[in-house]
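# Descriptive analysis of the structure
Spelled out, the chains give:
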Amino acid sequence: MTTANQLDTDSRAQIKTIICDILEIEPEEMTDTSRFKEDHEADSMGAIEILSQLERAFGADIDQAELARMVNLDGVVTVVSEAVAAKSAQAG
């Protein structure tokens, strides 16, 4: 079962795949805490593209202000979890 701060393993893998595709890196190059900008040379356009793809994939709105927290895989998973939970709360 999914909680507000925890996505299932498949969703986490989907997020990682989206990020790796956009940053053009192999999944094994990314750890949960490796930083996109410092470790993987991501730029602000890449960050916006990641945000956009995640919104489409999960059907949730993510404010651009959240980009400040989306610096690594763990951060992205937390932000997406919160966005999905907020969407569920509105729908429910």
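To be clear, the structure that these remarks concern was listed above.
## So, the side chain of Ser34
For Ser34, the position within the fold is in the loop between α1 (9-23) and α2 (36-40). Owing to a relative accessible area of 7%, Ser34 belongs among the buried residues under this scheme. Polar side-chain contacts of Ser34 include one of 2.8 Å to the side chain of His40. Setting aside its immediate chain neighbours within four residues, Ser34 contacts Glu29, Asp39, His40, Val71, Asn72 and Leu73.

## A look at helix α4 (residues 73-91)
The terminal C-alpha atoms of α4 lie 27 Å apart, and with 19 residues this matches the ideal 27 Å at 1.5 Å per residue to within 8%. The set of residues buried in α4 consists of Leu73, Gly75, Val76, Val77, Val79, Val80, Ser81 and Ala83. Close packing links the buried residues of α4 with α1, α2 and α3 (44-58). If you check the start of α4, you find a side-chain oxygen 3.3 Å away from the backbone N of Asp74, and it comes from Asn72.

## Some details on the pattern of salt bridges
All chains considered together, the criterion is met by five salt bridges. For Asp32, the salt bridge is made with Arg12, and the minimal N-O distance between the two is 3.1 Å. Of this pair, Asp32 sits in the loop between α1 and α2 while Arg12 sits in helix α1, and the two are 20 residues apart along the sequence. Judged by relative accessible area, Asp32 falls into the partly exposed class, the value being 36%.

Conventions and cut-offs
Residues numbered from 1 in each chain as written. Predicted model: local features only at pLDDT ≥ 70, side-chain atom pairs only at ≥ 80, totals over all residues. Heavy atoms only, no water. Helix = DSSP H or I, 4+ residues; strand = E, 2+ residues; numbered from the N terminus. Buried < 20%, exposed > 50% of the residue type's maximum accessible area, 1.4 Å probe, protein only. Polar contact = N/O pair within 3.5 Å; in protein donor to acceptor, adjacent residues only side chain to side chain. Contact = heavy atoms within 4.5 Å. Expected span 1.5 Å × (residues − 1). Salt bridge = Lys/Arg side-chain N within 4 Å of Asp/Glu carboxyl O.

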